[in-house]
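This is what each chain is made of:
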Amino acid sequence: MNQHDLLNVRHTSVDEAKAAMADLLEKRPSNHSLDAPLYNDPHMFRADMEEIFQKEWLFVGMTSEIPKKGDYFTVEVGQNPVLVVRDGEGNVNAFHNTCSHRGSLICTEHRGKVANLVCPYHQWTYDLKGNLLFAGTEMNKDFDKAQHGMKPTFCKTAGGFIFVCLGKKAPNDEFDEFLETLKHYMEPYDVENTKLAVESTMYERANWKLVLENNRECYHCSASHPELLNTLLEWDDTEDPRAPQDFLDHYAEQAAKWDAEGIPHKLASFGSVQRNRIVRMPLKKGTKVMTIDGDKASNKNLGRIKNAELGSMRILHLPNSWNHMQSDHFIVFRVLPVSAQETIVTTKWFVHKDAVEGVDYDPENLRKVWDATNEQDKVLGERNQLGINSIGYRPGPYSETFEFGVINFLNWYSDTMLKHLK
Ligand code: 3BY
Ligand code: FES
Ligand code: FE
């Protein structure tokens, strides 16, 4: 705990924090930023983990990161290590990465390939479906292997996206409907024939909600994101209250071409406050993808895509992901909280699996815009956290025209939290 955390500890238990949290959320003025403890209190952070990150569906990665049998990656949801692995039938399975013997981590690398899952401690061995195959020769005679498989988590895939849920039961809400739509919108990209080209991991000294809030508005873009604004148009969708006529004309012109190619683009949103949303937005006139000069990033378009000017299909999944799918590459973002004031943001760039590094694409060129943007957003998020930790902070009003995405996010957070707390 740092000094700020200590100053803000007001609760002796997580349960008390949850009660205080429910009170703050019920009384919060709508359209205002939250009270400080919701951004910096370690007990309230525990509540966020228990009620949101350990109960809701989370984005963890893409199926093309683990194309073959035995390929796996690991991910940490707070202090819960999770293992995502492809089995012999091509299914993606997720497990708690903890051994049924005495709890050791099983896979200790970030990603890799295995024939079976072997615990490094006493070599208990599981198959790719989590069944215990081998527990040495030292167990009692009545030991029943069938009772000691790995503990699965819920796991669903659609359109190449992998989601897990660590809860006792997986919330349904509109999630399956979102997945069906996601599958349809992702069809042109043929994710199974893409590959991970670049990955970045960024550590931010800011509460995870500040990271999301920052992403949900472009009020800060003109002052902070010169590289991104070479290609990105600030409007959120065609219904954005700020969208001027020349943007709407540009959109109509591009959308006609997308329709001709059968490329989905219309805004699809799920949940009363857009917990999930998908929309394709054009990029600036004359630019193709989010590179510094707006020109293509790879010589090979993804999937069945012919038109290089496909704009960017933005996919939002609360609480932890936003994404930009373009003609020759796509970028996925994953947010995972570490503590009340620490968050890890992972960004991954994917290209066609046959695109050759150094020939068809230059990884430095591919990553440049979002490396710069992420770094700028990190600074903004960290400054936001420092100001919120001050005794001088009080919740301030959001702009309804510029910051409606933030309002939606906090409404989703607040509604979900209150639903779970009751
Ligand atoms: O994710 C995005 O593209 C942008 C960047 C800044 C605001 N957000 C909607
Ligand atoms: Fe895994 Fe002992 S803890 S084999
Ligand atoms: Fe930003």
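Because the structure is predicted, anything quoted here is derived from the model rather than measured.

Peer 1: How would you summarise the packing of aromatic side chains if you had to cite specific residues and measurements?
Peer 2: Under the definition given, this model contains 19 aromatic pairs. With a centroid separation of 4.8 Å and 10° between ring planes, the pair formed by Trp-57 and Phe-175 is classed as stacked. Linking Trp-57 in the loop between α4 (42–53) and β1 (58–62) with Phe-175 in helix α5 (residues 175–186), this pair joins segments that are 118 residues apart in sequence. Of the two residues, Trp-57 and Phe-175, both sit in the buried class. Put simply, the rings of Trp-57, Phe-59, Phe-161, Phe-163, Phe-175, Phe-178 and Phe-270 touch in pairs and so form one group of aromatic residues. Here the basic side chain of Arg-242 rests over the ring of Phe-402, its NZ or CZ set 4.6 Å away from the ring centre.

Peer 1: Give a detailed account of the state of the cysteines, specifying residues and quantitative values.
Peer 2: Scanning the model with the defined rule gives 1 disulfide in all. Each sulfur in the disulfide pair Cys-218 and Cys-221 lies 2.0 Å from the other. Of note, the bridge from Cys-218 to Cys-221 carries an S-S torsion of about -95° and is left-handed in sense. By relative accessible area, Cys-218 is classed as buried at 12%. Residue classification places Cys-221 among the buried residues on the basis of a relative accessible area of 2%. Distance from the sulfur of Cys-155, which forms no disulfide, to the nearest cysteine sulfur (Cys-165) is 11 Å. You can call Cys-155 partly exposed: its relative accessible area is 23%.

Peer 1: Summarise the sheet that holds β1; cite the residues concerned and give the values.
Peer 2: Each strand in a sheet pairs with another by means of backbone hydrogen bonds, the pair being arranged parallel or else antiparallel. Within the open sheet, the 3 strands sit side by side as β1-β10-β9. Their pairing is antiparallel. A strand with exactly one partner marks an edge of an open sheet, and here the two such strands are β1 and β9 (154–158). The sheet shows a mean angle of 30° between the axes of neighbouring strands, taken without regard to direction. For β1 and strand β10 (residues 161–165), the ladder comprises 4 bridges, and the chain directions are antiparallel. When the bridges of β10 are listed, Met-62 appears paired with Phe-161. Those strands touched by α5 are β9 and β10, and its axis lies near 165° from that of β10.

Peer 1: Could you give me a rundown of the coordination of the iron ion (ligand 3), with the residues and numbers involved?
Peer 2: For the iron ion (ligand 3), the full set of protein donor atoms is His-220 (NE2), His-225 (NE2), Asp-377 (OD) and Asp-377 (OD), and the range of their distances to it is 2.1 to 2.5 Å. Each of the 4 donor atoms around the iron ion (ligand 3) contributes to a set of angles spanning 56 to 149°, which defines the coordination as irregular. Binding-site remark: the iron ion (ligand 3) is held by donors from one chain whose sequence spacing is H-x4-H-x151-D. Classification of His-220 by relative accessible area gives buried; the value is 13%. Judged by relative accessible area, which is 1%, His-225 ranks as buried.

Peer 1: Describe in detail the confidence of the model for the chain, supporting the description with residues and values.
Peer 2: Of the residues in the chain, 97% have a pLDDT of 70 or more, and the chain-wide mean is 95. The complex model carries a pTM of 0.95, and its ipTM stands at 0.90.

Quick notes on the rules
- Residues numbered from 1 in each chain as written.
- Chains lettered and ligands numbered in written order.
- Predicted model: local features only at pLDDT ≥ 70, side-chain atom pairs only at ≥ 80, totals over all residues.
- Heavy atoms only, no water.
- Phe/Tyr/Trp six-rings, centres within 6.5 Å; stacked < 30°, edge-to-face > 60°.
- Helix = DSSP H or I, 4+ residues; strand = E, 2+ residues; numbered from the N terminus.
- Buried < 20%, exposed > 50% of the residue type's maximum accessible area, 1.4 Å probe, protein only.
- Lys NZ or Arg CZ within 6 Å of the ring centre and 35° of its normal.
- Disulfide = S-S within 2.5 Å.
- Pairing = 2+ DSSP bridges.
- Axes fitted to C-alpha atoms, helices over the stretch in contact; angles between N-to-C directions.
- Contact = heavy atoms within 4.5 Å.
- Donors = N, O, S within 2.8 Å, 3.2 Å for Na, K, Ca; no water.
- Tetrahedral: all angles 85-135°; square planar, octahedral: opposite > 155°, others 65-115°.
- pLDDT = per-residue confidence, 0-100.

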